[in-house]
Amino acid sequence: MLIRSPKSWEISASTVTPEALYHARPRREFLRTLGVGLAGAALARPGALFGATAGFPSKENPLYPAAKLKPTAEEYVTVYNNFYEFGTGKDEPKVNANKGWKTDPWTIELAGLVNQPAKFDVNDLVKKIGGLEERIYRFRCVEAWSMVIPWDGFPLAKLVALADPKPEAKYLKLTSFNDPKSAIGQRQGNLEYPYVEGLRLDEATHELAFMATGLFGKPLPNQNGAPIRLVTPWKYGFKNIKSVVKIEFTATQPKNTWQAMAANEYGFYANVNPKVDHPRWSQASEQIIGGGFFASRQATLMFNGYEKEVASLYKGLDLAKNF
Ligand SMILES: Nc1nc2c(c(=O)[nH]1)N[C@H]1C(S)=C(S)[C@@H](COP(=O)(O)O)O[C@H]1N2
Ligand SMILES: [Mo]
């Protein structure tokens, strides 16, 4: 393991284990971090600041029945967030992303190696795509915590089809917004911005890859990446780029933000894998957020429980090297 001084943007190992949460932090701070006591405030959403509202209510997709996974309580999903543009603390995005940052109207651009480059207003895009569906997915952050989230959105494959990629297109490069005036984290420079993520084209067109415009049957709150964000449930949370403004189709593998920051810790693939540890902590288990006061832990599943669906994408790839 490489030993060097931690940078401001680094995920500190102390945020990773529940032991650390219990012993290193005062009890009140622990409660605040988990959003307990903020629950009431979390449920009251400022309606005027909502992102894309088109397409609700979403349709149930029988392939992802609600009964299979029990969603995490909404007040955790919307309070315990990673969105560095609005601060590195878990409870900061909820506050800082709702101080006048406008997510409606919002334009998303399809560009690069495609036959149909275009710019869409997100509400128009949802209508063009034919509405929203619900997907209840596991969500596993690289920091070893997890949730279950009911998303509303549409398969990314539908967006790829709209763009009509050229044969040379092999990857998608997704870019988040850049607005330092609204985003305190961008003013502070706590990461390199704009936030960038990437997928292989065959990952992007996999049926699990999803563009969410909502959760819990309502438009995405700003702190969850309004008005449109990526959801790839078999990958670590940081792949799930929020508030996307551009999807560019490329011939070469794009470098994602966290990989650019620390390539030895965060790879391009970021597939959930309990057998490949982060250099500074184990990935074998995870803390269930909202799983009860005495933080329950559970074993982490290969590809976050989606092995049957996605393993074939990585046949022949050394997952320890391509982490
Ligand atoms: N633009 C942007 N997208 C982002 C992040 C970020 O800091 N900026 N954080 C990522 C990380 S590390 C996680 S775990 C998830 C958190 O999503 P949630 O807050 O909706 O649970 O968003 C991901 N997408
Ligand atoms: Mo994360």
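Data block above holds the structure.
The rules behind each value
- Residues numbered from 1 in each chain as written.
- Chains lettered and ligands numbered in written order.
- Predicted model: local features only at pLDDT ≥ 70, side-chain atom pairs only at ≥ 80, totals over all residues.
- Heavy atoms only, no water.
- Near = heavy atom within 4 Å.
- Polar contact = N/O pair within 3.5 Å; in protein donor to acceptor, adjacent residues only side chain to side chain.
- Areas by Shrake-Rupley, 256 points an atom, 1.4 Å probe, with all protein chains shown as cover.
- Nonpolar A, V, L, I, M, F, W, Y, C, P; charged D, E, K, R; others polar.
- Salt bridge = Lys/Arg side-chain N within 4 Å of Asp/Glu carboxyl O.
- Pairing = 2+ DSSP bridges.
- Helix = DSSP H or I, 4+ residues; strand = E, 2+ residues; numbered from the N terminus.
- Axes fitted to C-alpha atoms, helices over the stretch in contact; angles between N-to-C directions.
- Contact = heavy atoms within 4.5 Å.
- Buried < 20%, exposed > 50% of the residue type's maximum accessible area, 1.4 Å probe, protein only.
- Arc of directions from axis to C-beta.

Next up on the list: the site of ligand 1. Close to ligand 1 lie 16 residues; Asn-81, Tyr-84, Glu-85, Asn-240 and Lys-242 are nearest. Asn-82 places a main-chain nitrogen or oxygen 3.3 Å from a nitrogen atom of ligand 1. At 2.7 Å, a side-chain N or O of Lys-242 approaches an oxygen atom of ligand 1. In isolation ligand 1 has 530 Å² of accessible area, and contact with the protein removes 99% of it. In the shell around ligand 1, the residues fall into seven nonpolar, six polar and three charged.

This part is about the pattern of salt bridges. Scanning the model with the defined rule gives nine salt bridges in all. The partner of Asp-318 in a salt bridge is Lys-321, and the shortest N-O contact between them spans 3.4 Å.

This part covers the sheet that holds strand β11 (residues 244-250). Strand order in the open sheet formed by five strands is β3-β2-β11-β6-β7, and the pairing between neighbours is mixed. Each edge of the open sheet carries a strand with a single partner, namely β3 (118-121) and β7 (196-200). Each strand of the sheet is rotated relative to its neighbour by a mean of 15°, with strand direction disregarded. Running at roughly 100° to β3, helix α6 (residues 122-129) makes contact with β2 (107-112) and β3 of the sheet. Relative to the sheet, helix α7 (residues 156-163) contacts β2, β3, β6 (171-176), β7 and β11, its axis offset from that of β11 by approximately 60°.

Those residues of α7 that sit buried are Leu-156, Leu-159, Val-160 and Ala-163. When α7 is viewed along its axis, its buried side chains cluster within an angular range of 100° and face the same direction. Looking at the residues trailing α7, positive phi occurs at Asp-164, about 55°.

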